[in-house]
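Descriptive structure summary
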Amino acid sequence: MNLVEIFERFPTQESCFEFLEHVRWGGKPKCVYCGSERATPVPSENRHHCNNCYSSFSVTVGTIFHHTHLPLQKWFLAISLVLNAKKGVSARQLARDLKVNKDTAWRIAMKIRDAMDESEQRNLLTGIVEADETYIGGKPRRNHPHDNNHPKGRGTKKTPVVGMVERGGRVKAKVTKKEDLNMKKLTALVRRNVDISNATLFTDEFGGYLEIQQIMPHRVVKHKAWYVDGIVHTNNIESFWALLKRGIVGQYHKVSLKHLGRYVNEFCYKWNYRKSDNIFGLTIQRGLGV
């Protein structure tokens, strides 16, 4: 859903509340505290009064919109901006677009990323699956006297992110520690995310993947000699890394290790639902906990 559609479909605060109530309750309000359906609407406040526990509640209680003082239309606009920005949108850009301060914009964006969290999705990847790692972090300054102490690739001090993508399908990525890039930990990670009985794994020649051939079909792309051999390549996961890095370097510029996982989740979510006709509605559902 684009910005024009947001303005046309949700012109007022009441229309936004009506939409959220339809998504969360199917139009029949239920007390968020006791679960009772004996609720009386208070239209002037966009709230409901529970006749069972005598609490007052609104559809935003316990959701990403809880305790917000912003019009819901701005939230919907923010969700649309984040979803439609292929390489992400910075907090300062979001602040300018919504006419709010940067701290408010940052909080809105992080709440939206909470709704995008894919960690609870347990569906395993199948078919041809490509796996690889990338490294996120600061870039050495040009002509800096200590540049030689910042090697690239697996010798770097940057934070590793391990990813797996289903050929033509979903992607899963996880921030990890450098010491976890060993055969035991990587094999366990593959087991948790890939249906090993119905998949073939393609990786590069990194030694951490050597044990995987004992549990499932495994083909190796020898990047020192070639990048593509028929269907054997890792171009899809490399494409995902390109999007992730362009977003972090070009839009966010700097991401703390504390929140890096949430930014990775954002890119996974947008990749996984890039072909969806209603990614906006799906994000609203997740934000409401439906």
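Our subject in this report is the structure included herewith.

So, on to the side chain of T283. With respect to the helices and strands, T283 occurs in helix α9 (residues 279-288). Note on T283: relative accessible area 1%, which makes it buried. Leave out the neighbours within four places in its chain, and T283 touches I79, L83, A115 and Y269.

Moving on to the pairing of strand β4 (residues 125-136). With nine of 12 residues buried, β4 lies mostly within the body of the structure. Examined bridge by bridge, β4 and strand β7 (residues 194-204) share five bridges and lie parallel to one another. Following the sheet pairing, L125 is matched in β7 by V194. Two strands pair when backbone bridges link them, and β4 and strand β5 (residues 159-166) are joined in this way by eight bridges, in the antiparallel orientation. Each residue of the ladder has a partner; that of I136, found in β5, is T159.

So, on to the pattern of salt bridges. Side-chain pairs of opposite charge can arise whenever the charged atoms involved come near each other. A full pass over the atoms with the stated rule returns eight salt bridges. Between E266 and R113 there is a salt bridge, and its shortest N-O distance comes to 2.7 Å. Of this pair, E266 sits in helix α8 (residues 257-272) while R113 is found in helix α5 (residues 102-115), placing the two residues 153 residues apart along the sequence. Since its relative accessible area comes to 4%, R113 is described here as buried. Linking E166 and R170 is a salt bridge whose minimum nitrogen-to-oxygen distance equals 3.8 Å.

Before going further, it helps to examine the sheet that holds strand β8 (residues 218-221). In any sheet, the strands associate via hydrogen bonds between backbone groups, in a parallel or an antiparallel arrangement. Judged by pairing direction, the sheet is mixed, and its five strands sit side by side in the order β6-β5-β4-β7-β8 without closing on themselves. Unpaired on one side and paired on the other, β6 (171-175) and β8 mark the two borders of the sheet. The average angle at which neighbouring strand axes cross in this sheet is 20 degrees, direction not considered. Alignment of β5 against β6, held across five bridges, turns out to be antiparallel. Within β6, the residue paired with V161 across the bridge is V175. Strand contacts of helix α6 (residues 183-193): β4, β5, β6 and β7, with the helix running at about 135 degrees to β7, the strand carrying the most contacts. On the sheet, helix α7 (residues 235-252) packs against β4, β5 and β6 and is oriented at approximately 40 degrees with respect to β4.

Take the layout of surface pockets next. Estimated volume of the second largest pocket: approximately 510 Å³. If you trace the second largest pocket, you find 24 residues lining it, with E118, S119, K172, A173 and N193 closest to the centre. At the level of secondary structure, the elements contributing two or more residues to the lining of the second largest pocket comprise β5, β6, α6 and α8. Here the residues of the lining of the second largest pocket sort into 10 nonpolar, seven polar and seven charged.

With that out of the way, let us pick up the sheet that holds strand β1 (residues 39-42). The strand order across the open sheet built from three strands is β1-β2-β3, with neighbouring strands paired in antiparallel fashion. Two strands bound the open sheet, and with one partner strand each, they are β1 and β3 (56-57).

This brings us to the pairing of strand β2 (residues 47-50). Every second residue of β2 is oriented toward a common face, the buried set being H48 and C50 and the non-buried set R47 and H49. As paired strands, β1 and β2 are joined by four bridges and run antiparallel to one another. Following the sheet pairing, V42 is matched in β2 by R47. Between β1 and β2, which pair antiparallel one after the other, the connecting turn spans four residues, and N46 there sits at a positive phi close to 55 degrees. The sheet contact formed by β2 and β3 spans two bridges and is antiparallel. Note on β3: the bridge partner recorded for H48 is F57.

Moving on: the packing of helix α2 (residues 13-25) against α9. At a minimum axis distance of 10 Å, the contact between α2 and α9 shows a crossing angle of 70 degrees. Viewed along their axes, α2 and α9 adopt a mutual orientation that is roughly perpendicular. Touching F19, L20, V23 and R24 of α2 are F280, I284, Q285 and L288, all from α9. Looking at the contact of α2 with α9, its residues break down into six nonpolar, one polar and one charged.

Attention now goes to the nonpolar core. Residues L20, F65, F76, F280 and I284 are the most contacted members of the largest nonpolar core, which totals 42 residues. Of all the secondary structure elements, the ones that give two or more residues to this core are α2, α3 (72-84), α4 (91-98), α5 and α9. If one sorts the elements of this core by residue count, α3 sits on top with nine residues. Here F280 is in contact with M1, I6, F10, F19, F76, I79, S80 and L83, once residues within four sequence places are set aside. Judged by nonpolar contacts, the second largest core, of 20 residues, contains V165, I237, L243 and V264.

The rules behind the values
- Residues numbered from 1 in each chain as written.
- Predicted model: local features only at pLDDT ≥ 70, side-chain atom pairs only at ≥ 80, totals over all residues.
- Heavy atoms only, no water.
- Helix = DSSP H or I, 4+ residues; strand = E, 2+ residues; numbered from the N terminus.
- Buried < 20%, exposed > 50% of the residue type's maximum accessible area, 1.4 Å probe, protein only.
- Contact = heavy atoms within 4.5 Å.
- Pairing = 2+ DSSP bridges.
- Salt bridge = Lys/Arg side-chain N within 4 Å of Asp/Glu carboxyl O.
- Axes fitted to C-alpha atoms, helices over the stretch in contact; angles between N-to-C directions.
- 1 Å grid on protein atoms, 1.4 Å probe; cavity = no way out; pocket = protein on both sides within 12 Å on 5 of 7 lines; lining within 4 Å.
- Points joined across faces, edges and corners; volume = space filled by probe spheres on them.
- Nonpolar A, V, L, I, M, F, W, Y, C, P; charged D, E, K, R; others polar.
- Parallel < 35°, antiparallel > 145°, perpendicular 65-115°, else oblique.
- Core = buried A, V, L, I, M, F, W, Y, C linked by side-chain atoms within 4.5 Å.

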